[in-house]
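Architecture at a glance
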Amino acid sequence: MSTDLKSATKLAVPGRGGRRKLTYPRILLIIAVGLVAVSALRAITGAGDLTSTGQFGAALSAAVPIGLAGLGGLWSERAGVVNIGLEGMMMLGSFAAGWVGWQHGPWAAAAAGILGGALGGLIHAVATVTFGVDHIVSGVAVNILALGATQYLATLWFGQEGSAAMAAGGNDKQSPPMPDMPTFTVPGLSDWLNSLEGHHWFLVSDVAGVLGAAVTNVSWLTLLTVGLFIGTFYALWRSSFGLRLRSCGEAPISAETLGVNVYSYKYAAVLVSGALAGLGGAFLSIGVHFYQDGQTGGRGYIGLATMIFGNWRPGGVAMGAGLFGFMDAMQLRSGGPTVHALLLGLAALLAVLALLRLRAAKRAQAAVSAVAAAVLIGWYFLADTVPLELVEASPYIATLLVLALFSQRLRPPKANGRPYRRGQGA
């Protein structure tokens, strides 16, 4: 059956042969070029925090909830179910973590967050898979229900007069504080990398700053997230289970004729999707030691954008989450000066893009990219900083820019979002 499923899945994927495969050497080359470019930008602009351990440590923390939401969306959409409800599932996970965490600690909070998100996933699965509700409508409904439920329950459980939660520091907008989540640091290596970073050598200190963030005060939940990305790749692309699940998102009728229970796989995928998003919400609560109203801040939607940017692949989702996490951390840590330095980097990127578009005989796109690059260069030299409003909006602007630049190379699962009913192929 596996051979037949592979054939059915390949038939459902048009134009695969005309694209270059992103091999590991190419990925390493992209990373190396990116490091050299960032090092040069840091040296030219003098924005020292651009490659510091603190910046990348904060970026790693900011990337985890976004990456978990994106990974959750990947599981769902690879099975053919669009999941706009990731934001609501993160809310449920964040609230459940805050509720359990102050009573039983951070590890219990993480488990509660997984269950809270999975509950949101179950609601979405029942609506879309069993009752055939439009996936977008169901996802929006999950977001609205999650927002209303968490606000109501926070008032009831955290803000009730005379309750133990209020006595412990809770109110109708947040839970009582929970203990710290343990972190790990690699002794010796962390100090050595911090010492190298302090010399401010070109590339060497920048690489030390990046690597230092990976071995200094790293949450165990971050390590768990890395394991989930690796596990997702092997589960979905290196196992018969993953082949069957992906066939449900590419050609569910063909999969059904080969004996796959499409409903079961869709349910499993959406439940895992909700659980991962819930863990992302729990990470937010655990990181600041309590649940707070509005804590997710649209990260579920950014996670959805990372999934699209990553072309529905775990590695692409990880890269997208890293980019958006970097932007989020930068606007929180450094503010205007570092965002101002990035204007020059973005101008260089657009200039390269203009040359590539011109080489491909796409003159209109080349002209737009060249004009935008010129505007950014002018902005960089005429201003010393970036307005606070633009700094705060920089993660969302980055989301729009990335999706606009890479939209033509995206290929979602063929049957993603399409209604399916058992027996359609009969």
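Here is a short report on the structure shown in this document.

1. Concerning the side chain of Asn83
Secondary-structure assignment places Asn83 in the loop between helix H3 (53–78) and helix H4 (86–104). You can call Asn83 buried: its relative accessible area is 0%. Only 2.8 Å separates the side chain of Asn83 from the side chain of Ser273, close enough to count as a polar contact.

2. Concerning helix H13 (residues 262–288)
Relative to the 39 Å expected for 27 residues at 1.5 Å per residue, H13 spans 40 Å between its end C-alpha atoms, a close match to the ideal helical length. The buried count for H13 comes to 20 of 27 residues, which makes it a mostly enclosed element. Remark: His289 follows H13 within two positions and exhibits a positive phi of approximately 80°.

3. Things to note about the packing of helix H11 (residues 240–250) against H13
Relative to each other, H11 and H13 sit at 100°, their axes nearing to 9 Å. It follows from the interaxial angle that H11 and H13 lie roughly perpendicular. Only Val262, Tyr265, Lys266 and Ala269 of H13 make contact with H11, whose side of the interface consists of Phe241, Arg244, Leu245 and Cys248. Split by residue class, the contact of H11 with H13 holds six nonpolar, no polar and two charged.

4. Comments concerning the layout of surface pockets
Empty space among the atoms can be located by rolling a probe the size of a water molecule over them. Its boundaries defined by the atoms lining it, the second largest pocket holds a volume of some 650 Å³. Around the second largest pocket, the lining comprises 32 residues; the ones closest to its centre are Ser61, Ala62, Phe283, Gly287 and Val288. Taken together, the elements giving at least two residues each to the lining of the second largest pocket come down to H3, strand S2 (218–219), helix H10 (220–237), H13 and helix H15 (314–333). Among the elements that take part in the lining of the second largest pocket, H3 stands out by supplying eight residues, more than any other.

5. A word on the packing of aromatic side chains
Enumeration over the complete set of coordinates arrives at 14 aromatic pairs. Here Trp99 and Trp157 contribute two aromatic rings whose centre-to-centre distance is 4.4 Å and whose plane-to-plane angle is 25°, an arrangement assigned as stacked. Taken together, the residues span a long stretch of sequence, with Trp99 in helix H4 and Trp157 in helix H6 (residues 135–157) at a distance of 58 residues. Between the aromatic rings of Phe309 and Phe324, the centroid separation amounts to 6.5 Å while the plane-to-plane angle is 65°, which identifies the pairing as edge-to-face. Placement of the pair is Phe309 in helix H14 (residues 299–309) and Phe324 in helix H15, with a sequence separation of 15 residues. Phe309 gets classed as buried once you look at its relative accessible area, which sits at 17%. Of the aromatic side chains, those joined through ring pairs into one cluster are Phe95, Trp99, Trp157, Phe158 and Tyr291.

6. Digging into H11
Each α-helix turn comprises 3.6 residues. Residues three or four places apart therefore point the same way. Of all 11 residues that make up H11, nine are buried, and the element is covered over most of its length. Along H11, the positions that sit buried rather than exposed are Gly242, Leu243, Arg244, Leu245, Arg246, Ser247, Cys248, Gly249 and Glu250.

7. Some thoughts on unusual backbone geometry
What you tend to see is this: most non-glycine residues have negative phi, and most peptide bonds are trans. Positioned with a positive phi, Trp312 is a non-glycine residue whose angle comes to about 60°. Mapped onto the fold, Trp312 is located in the loop between H14 and H15. On the accessibility criterion, Trp312 (5% relative accessible area) is buried.

8. Observations regarding the nonpolar core
Ranked by internal contacts, the top residues of the largest apolar core, which has 48 residues, are Leu74, Trp75, Leu221, Leu236, Leu245, Ile286 and Met307. No other element matches H13, which puts 12 residues into this core. With residues up to four places along the chain from it excluded, the contact list for Met307 reads Gly70, Gly73, Leu74, Glu77, Trp312 and Val317. If you look at the next biggest cluster of nonpolar residues, it comprises 28 residues, including Ile66, Phe326, Ala329 and Leu350.

9. Points about a nonpolar patch on the surface
A cluster of nonpolar side chains, Leu119, Leu122, Ile123, Leu145 and Leu271, forms an exposed patch at the surface whose accessible area comes to about 420 Å². The greatest single-element share of the nonpolar patch, amounting to three residues, is contributed by helix H5 (residues 106–130).

10. A word on the pattern of salt bridges
Considering all chains together, one arrives at five salt bridges under this definition. Of the charged contacts in the structure, one is a salt bridge between Lys173 and Asp293, with a shortest N-O distance of 3.7 Å. On the criterion of sequence distance, the pair formed by Lys173 in the loop between helix H7 (164–167) and strand S1 (183–184) and Asp293 in the loop between H13 and H14 is long-range, its members being 120 residues apart. Three or more residues joined by partner-sharing salt bridges are found here, namely Arg78, Glu250 and Arg411.

11. A short note on the environment of Lys266
Considering the arrangement of structural elements, one finds Lys266 in helix H13. A residue is classified by how much of its surface remains accessible, and Lys266, at 5% relative accessible area, is buried. Lys266 sits 155 residues away from Arg421 along the chain, and the two C-alpha atoms are 12 Å apart. If we ignore the near neighbours within four places in the chain, the residues touching Lys266 are Ala79, Gly80, Val81, Val129, Cys248 and Tyr420. Within the local environment of Lys266, its side chain forms a polar contact with the backbone oxygen of Ala79, the two atoms lying 2.8 Å apart.

12. Details of the packing of H3 against helix H9 (residues 204–215)
One way to put it is that H3 packs onto H9 with a least axis distance of 8 Å and a crossing angle of 45°. Judged by the angle between their axes, H3 and H9 are oblique. Handedness of the crossing formed by H3 with H9: right-handed. Two secondary-structure elements touch here, H3 through Thr53, Phe56, Gly57 and Leu60 and H9 through Ala208, Gly209, Val210, Gly212 and Ala213. Class assignment of the residues belonging to the contact of H3 with H9 gives a composition of five nonpolar, four polar and no charged.

The rules behind the values
Residues numbered from 1 in each chain as written. Predicted model: local features only at pLDDT ≥ 70, side-chain atom pairs only at ≥ 80, totals over all residues. Heavy atoms only, no water. Helix = DSSP H or I, 4+ residues; strand = E, 2+ residues; numbered from the N terminus. Buried < 20%, exposed > 50% of the residue type's maximum accessible area, 1.4 Å probe, protein only. Polar contact = N/O pair within 3.5 Å; in protein donor to acceptor, adjacent residues only side chain to side chain. Expected span 1.5 Å × (residues − 1). Axes fitted to C-alpha atoms, helices over the stretch in contact; angles between N-to-C directions. Parallel < 35°, antiparallel > 145°, perpendicular 65-115°, else oblique. Contact = heavy atoms within 4.5 Å. Nonpolar A, V, L, I, M, F, W, Y, C, P; charged D, E, K, R; others polar. 1 Å grid on protein atoms, 1.4 Å probe; cavity = no way out; pocket = protein on both sides within 12 Å on 5 of 7 lines; lining within 4 Å. Points joined across faces, edges and corners; volume = space filled by probe spheres on them. Phe/Tyr/Trp six-rings, centres within 6.5 Å; stacked < 30°, edge-to-face > 60°. Core = buried A, V, L, I, M, F, W, Y, C linked by side-chain atoms within 4.5 Å. Patch = residues over 30% accessible without salt bridge, like charges linked within 9 Å, V, L, I, M, F, W, Y side chains within 5 Å. Areas by Shrake-Rupley, 256 points an atom, 1.4 Å probe, with all protein chains shown as cover. Salt bridge = Lys/Arg side-chain N within 4 Å of Asp/Glu carboxyl O. Left-handed = near helix turned anticlockwise from the far one by under 90°.

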